[in-house]
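Results of the structural survey
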Amino acid sequence: LGQVPSANTANTANTANSANSAGTANSANTAGNADTLDGKDSSDFGPIAFARVNGATATVEAGSQKNMENANVVRGAGFAAGVYCFGGLNPAPRNVMAVRNNDSFDGNLSAEVGGDTVGLCPTGHEQANVIAFDNAAGLENADFHVLFN
């Protein structure tokens, strides 16, 4: 039998059970269960770390984190409230996002990578910072979720 004309591009794919097109699967052994992309595990494409941070204690809440522990977060140098600094994250984050916990509607958060850029963070915790403040009262403790990419 001859080759099916519409299968010309699937010559090197062993199986393509779930592929709509095998045109880009030239080196795939199987497209039925692709768990890697360019040799990287699928977990490499998620966040580096995330956590829910207790604002009053500047601690990571157990069970709501990935690749973070209490040692990764401290209060900003000389601040009693509102400034949280992060360090020891590996790999180093390129992006940080923070969202106040839903019980805090009257304030704001600021988050940035390179936490010592405004002189807030102690040595070892300069990778990123989150600042919580109330428009009327200034810096305040606030629970928040933080995500690092």
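The following refers to the structure shown. (Residues numbered from 1 in each chain as written. Predicted model: local features only at pLDDT ≥ 70, side-chain atom pairs only at ≥ 80, totals over all residues. Heavy atoms only, no water.)

Description of the overall build of the chain
As a reminder, the rule being used: A run of DSSP states H or I qualifies as a helix once it reaches four residues; a run of E qualifies as a strand once it reaches two. Both are numbered from the N-terminal end. Only protein chains enter the accessibility calculation, which uses a 1.4 Å probe. A residue is then buried if its area is under 20% of the maximum for its type, exposed if over 50%, and partly exposed in between.
Regarding its fold elements, the chain presents 0 helices and 11 strands. Along its sequence from the N terminus, the chain presents helices and strands in the succession β-β-β-β-β-β-β-β-β-β-β. Residues classed as buried in the chain amount to 31% of the 149 residues present.

Things to note about the pattern of salt bridges
Applied cut-off: For salt bridges, the criterion is a side-chain nitrogen of Lys or Arg within 4 Å of an Asp or Glu carboxyl oxygen.
According to the stated counting rule, one finds 3 salt bridges in the structure shown. Between Arg 52 and Glu 61 there is a salt bridge, with its nearest N and O atoms 2.4 Å apart. For Arg 52, the salt bridge is made with Asp 143, and the minimal N-O distance between the two is 3.5 Å. Residue Arg 52 is found in strand 3 (residues 49–54), and its partner Asp 143 is found in the loop between strand 10 (138–139) and strand 11 (144–148); the two are separated by 91 residues along the sequence. The exposure classification of Arg 52 matches that of Asp 143, with both residues buried. A cluster of three or more residues bridged by salt bridges with shared partners is formed by Arg 52, Glu 61 and Asp 143.

Regarding the side chain of Asn 54
Filter applied, for reference: Polar contacts, as used here, are pairs of N or O atoms within 3.5 Å; protein pairs need one atom able to donate a hydrogen and one able to accept it. Residues neighboring in sequence count only if both atoms are side-chain atoms. By the convention used here, residues are in contact when the closest approach between their heavy atoms is within 4.5 Å.
By the secondary structure assignment, Asn 54 is in strand 3. Within the local environment of Asn 54, its side chain forms a polar contact with the backbone nitrogen of Thr 57, the two atoms lying 3.1 Å apart. Residue contacts for Asn 54: discarding those within four places in its chain leaves Thr 59, Glu 61 and Asp 143.

Considerations on the environment of Glu 140
Mapping Glu 140 onto the fold places it in the loop between strand 10 and strand 11. Given a relative accessible area of 19%, Glu 140 falls into the buried group. Taking C-alpha positions, Glu 140 is 4.4 Å from Gly 82, a pair spaced 58 residues apart along the chain. Non-local contacts of Glu 140, meaning those with residues more than four positions away in its chain, are made with Ala 81, Gly 82, Tyr 84, Arg 100, Asp 106, Gly 107, Ala 132, Phe 133 and Asp 134.

Quick look at the sheet that holds strand 4 (residues 59–66)
This is how it is decided: Here a strand pair is declared whenever DSSP counts at least two bridges between the two strands. In this analysis an axis means a line fitted to C-alpha atoms, helices contributing only their contacting stretch, and an angle means the value between N-to-C directions, from 0 to 180 degrees.
Taken in spatial order, the 4 strands of this open sheet run 4-3-11-7, and their pairing is antiparallel. Among the strands making up the open sheet, the edge pair consists of strand 4 and strand 7 (96–100). Across this sheet, the average inter-strand angle for adjacent strands is 25 degrees, counted without regard to direction. Here strand 3 pairs with strand 11 via 5 bridges, running antiparallel. Each residue of the ladder has a partner; that of Ala 51, found in strand 11, is Val 146.

Remarks on the side chain of Arg 100
Assignment of secondary structure puts Arg 100 in strand 7. Its relative accessible area of 12% is what places Arg 100 among the buried residues. For Arg 100, the side chain forms a polar contact with the main-chain oxygen of Asn 108, separated by 3.1 Å. A polar atom in the side chain of Arg 100 sits 2.6 Å from the side chain of Glu 140. In contact with Arg 100, not counting residues within four places along its chain, are Asp 106, Gly 107, Asn 108, Leu 109, Ala 132, Phe 133, Glu 140, Ala 142, Asp 143 and Phe 144.

A short note on the packing of aromatic side chains
Test applied: Note on ring pairs: Phe, Tyr and Trp rings are taken, using the six-membered ring of Trp, and paired if centres are within 6.5 Å. Classes follow the plane angle, with under 30 degrees stacked, over 60 edge-to-face and the rest tilted.
Applying the stated criterion to the full structure yields 2 aromatic pairs. Between Phe 86 and Phe 148, the ring centres sit 5.2 Å apart and the planes meet at 65 degrees, which makes this aromatic pair edge-to-face. Of this pair, Phe 86 sits in strand 6 (residues 83–86) while Phe 148 sits in strand 11, placing them 62 residues apart in sequence. The buried category is assigned to Phe 86, whose relative accessible area is 0%.

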